[in-house]
Amino acid sequence: MKRFGLLLLSEFKLFRTTIPVHIIGIFQPALMFSLMALVLVTPTFDMHVVHPITPLGTELVLEMEKVCSPIGDNYISPILVDPVASREIPGGQLISVETVDGTSIALQRYGLIDSNMVKNFRNRLTSAALSIWNKSLMGHSITIVQYPRLSRDIPYSVYFGMAMLPLAAFLAAALIGAFSTAQEFEFNTIIEYRLSPISMILIMGVRLVRLSLIGLLSAFVLMLVVGIFAGGWPSSLAWAALILLVMALLGGCLGTLAGLVLQSTLPAFLIGLALAFFTWILGSAFGLAAGFSGAYEAVSRWIPNTYAVELLFPLYYGVNIGSSQPAILFLATACTILVLATMFTYRRKILLRQR
Amino acid sequence: MRRLWILFKSEFNVWRHDPITAVGGILPPSLILIAFALLFGGRLSFKIAVVDLDQGSYGAVLRQSFDQVISPLNNMPYYHVEDMDRENAMRSFETYRVEGVWIIPPDFSSRLESGENPNISMYFNNYNDDRAKNHRIYSAEIIWHFYKQIGQPPPPLEMLEEYPLPVMVDWIPVIAVGVALLSVCLGSIFNIYALTYKVQISNLTLEFGLAPRSLGWILIPKVVLALIFGLISGTFFLVVINIWLGFWPGSFIWAFWLLSGLTALFWIGLAIVFGLQSRNYMAGAIAIVLSAIIVFFIGGGLGLIRFHQNDVQWYSWLFPNTHAIDPIRDLVLFNSWPVDWNITLIKLIGFALLSLTVGMSITTRKLRCLG
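Residues numbered from 1 in each chain as written. Chains lettered and ligands numbered in written order. Predicted model: local features only at pLDDT ≥ 70, side-chain atom pairs only at ≥ 80, totals over all residues. Heavy atoms only, no water.

A. The packing of aromatic side chains, seen in detail. The full count for this structure, using the stated rule, is 43 aromatic pairs over all chains. One aromatic cluster is present, built from ring pairs that chain together Phe33(A), Tyr156(A), Phe160(A), Phe277(A), Trp280(A), Phe286(A), Phe36(B), Phe296(B) and Phe297(B). Over the ring of Tyr96(B) we find Arg149(A), and its NZ or CZ is 4.0 Å from the ring centre. (Phe/Tyr/Trp six-rings, centres within 6.5 Å; stacked < 30°, edge-to-face > 60°. Lys NZ or Arg CZ within 6 Å of the ring centre and 35° of its normal.)

Structure follows, in structure tokens:
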């Protein structure tokens, strides 16, 4: 145990040789969240409407202002414009209320925008126009009684930040693991490992513990930023730390593997980086996997981030997503396989190479 | 000129020894594109359960409306409905297997006929406000269609739409063009690092520092080669986009190369500063590559910038990608000449010149100091 402690101390002292890499690995995810949280989608859309000249047009604008969440934001911010100035509108979206053959029509024109934007504009206008229709139908109109699961609509940034925590843990451990290991080959310090009388398990164990703790630190920095900027905090720090520690261990294993196999910092870094972002996007980064297409859900079931997010979810939202046992089982299995694969590769690339 | 050509060839030979770095502009963007294609390219309908308890006929008409109302997003219905009994539906909702549950009550038809304001219960997830918003505004589309189906008196205000193209451009092509620009940038960055990598680990920076001639002779071939590899990566993505999604800039391809090349030159200028410094070489590489990926996300990689101009943060405008992305989309997706071509070109030339001048000056100074 004493030897383990001394080795761990020595591993952490390696930090001094690559301080900038550590700083980037630890703080970059938090920086990325801080920058991205400000440009995330917000429910409120600016919608341009030509100054109404009819009572129905005026009523439409009033109804547009009322399209909102009863426990959250407005969905439309109507902006009244002159027809002459309408050509300058970004995206070219414009609504004008016109009368054609005695029928009042809300004509919505779009510029060169994509179908997702069209969908958003269309739905919002329909919501406002439906309110007018409902009023005219009186008792024959339908009321939709809303039962949202949570007492208020949680800002997207909370989910986004929570789903970035596994990325932070994974990315820092993978990058530093890949870099540290590949550098040993480039500087030829790998010879020390080859000649070491200490067991492989001890050497790799210490390396992976160090990487896991660095990954955890990166996730904690992000957690702090998410808490401060988005107001989302986990209900149990210890449980969150355990989940993120597992993700960091996975990242550390993959990074070390990349370093051992490629033995060159730049390609090893490339692999670590690509894997980190790939698993992040596929691992419920933008919403729970079940909420997307079948193909996405099927693929995401093979990605550890998905399970980490599902385990973190109750800590942030206070509601469980089914049983947590499959997630725990998957992460435990993935950890076991990757730790063994790392040990095996270390043995092949370092220990057996000297004979 | 001959000297430049010799240096260019020797740089190319350096690159050939580490060809894996050529995938720097291909691998991360490919994985990002695949991930986004799986995320947003599939069926984006909300999975919900509908519990139809109605004892009349209107409940069934409402149920049909869910399948009939088509979203412009991927031309699929807004909802992917699973018919369930109440117990199963609520269990699926509790375990997040469905996004929401609509319950049509037993007296729905009778109350609708008698004008007693029938209610429908809509349970839905609001763990993020964007999805909650979609539940609320999608429901309006369903009810609108339902009213028309059952022959309610016509709405006081009808709706019409005008889209400038015969076919609507989907979201995935918009993202794919963003990824193509990312690919040009990452391809250039990774390759400039590949070209300085051997120099670093062989300690050749000392020899550079002692070179009797201008260091521009050393830097220019590296910049040109990195730019070429970046453009090859980006063009590869354009071919992928063409085969997969059917978009191609056609005769505007030179304009794509020009805009994306100028954008890449900005990143090359930044990268070269770190690429030829012996200290913190990899830290610089990591920082710049991660920055380029962050800029992809904050600089219009996932959506059109022009519409969201007011939401784009000031720091996003500090990078040329934010300025270049929509004109590139005009060329690739809409095959139309960007209305802001001139101003975009001037800005991108400015970014590239500034970055290369500053980058090369700092690098030269550093190398001379080392020498």
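B. View of the packing of helix 7 (residues 200–230) of chain A against helix 8 (residues 237–262) of chain A. All names here are of chain A. Axis separation between helix 7 and helix 8 bottoms out at 7 Å; the angle between their running directions is 125°. Classified by the angle their axes make, helix 7 and helix 8 are oblique. Two packed elements cross with a definite hand, and for helix 7 against helix 8 that hand is right-handed. From helix 7, Met 204, Leu 208, Leu 211, Ser 212, Leu 213, Gly 215, Leu 216, Ala 219, Phe 220 and Met 223 reach across to helix 8, where they touch Leu 237, Ala 240, Ala 241, Leu 244, Leu 245, Ala 248, Leu 249, Gly 252, Cys 253 and Thr 256. The residue inventory of the contact of helix 7 with helix 8, partitioned by class, reads 16 nonpolar, four polar and no charged. (Axes fitted to C-alpha atoms, helices over the stretch in contact; angles between N-to-C directions. Helix = DSSP H or I, 4+ residues; strand = E, 2+ residues; numbered from the N terminus. Parallel < 35°, antiparallel > 145°, perpendicular 65-115°, else oblique. Left-handed = near helix turned anticlockwise from the far one by under 90°. Contact = heavy atoms within 4.5 Å. Nonpolar A, V, L, I, M, F, W, Y, C, P; charged D, E, K, R; others polar.)

C. Representation of the nonpolar core. By size, the foremost hydrophobic cluster in this structure holds 228 residues, and its most contacted members are Tyr159(A), Trp280(A), Tyr317(A), Phe36(B), Tyr79(B), Trp102(B) and Phe297(B). Sort the elements by how many residues they give to this core and helix 5 (residues 156–186) of chain A lands first, with 19 residues. Setting aside chain neighbours within four positions, we find Phe297(B) in contact with Met32(A), Met36(A), Phe277(A), Trp280(A), Phe36(B) and Leu302(B). Listed in part, the 11 residues of the second largest apolar core include Ile190(A), Met204(A), Leu260(A) and Ile350(A). (Core = buried A, V, L, I, M, F, W, Y, C linked by side-chain atoms within 4.5 Å. Buried < 20%, exposed > 50% of the residue type's maximum accessible area, 1.4 Å probe, protein only.)

D. Examining the pattern of salt bridges more closely. Here the structure, examined in full by the defined rule, presents 21 salt bridges over all chains. Between Asp130(B) and Lys133(B) there is a salt bridge, and its shortest N-O distance comes to 3.2 Å. Taken as a pair, Asp130(B) and Lys133(B) lie in helix 6 (residues 129–149) at a separation of three residues, close to a single helical turn. The buried category is assigned to Asp130(B), whose relative accessible area is 18%. Counted as one network, the salt bridges with shared partners bring together Glu63(A), Lys66(A) and Lys135(A). (Salt bridge = Lys/Arg side-chain N within 4 Å of Asp/Glu carboxyl O.)

E. Molecular detail of the confidence of the model for chain B. Taken as a whole, chain B shows an average pLDDT of 88; of its residues, 97% reach a score of 70 or greater. In the predicted assembly, ipTM is 0.85 and pTM is 0.85. (pLDDT = per-residue confidence, 0-100.)

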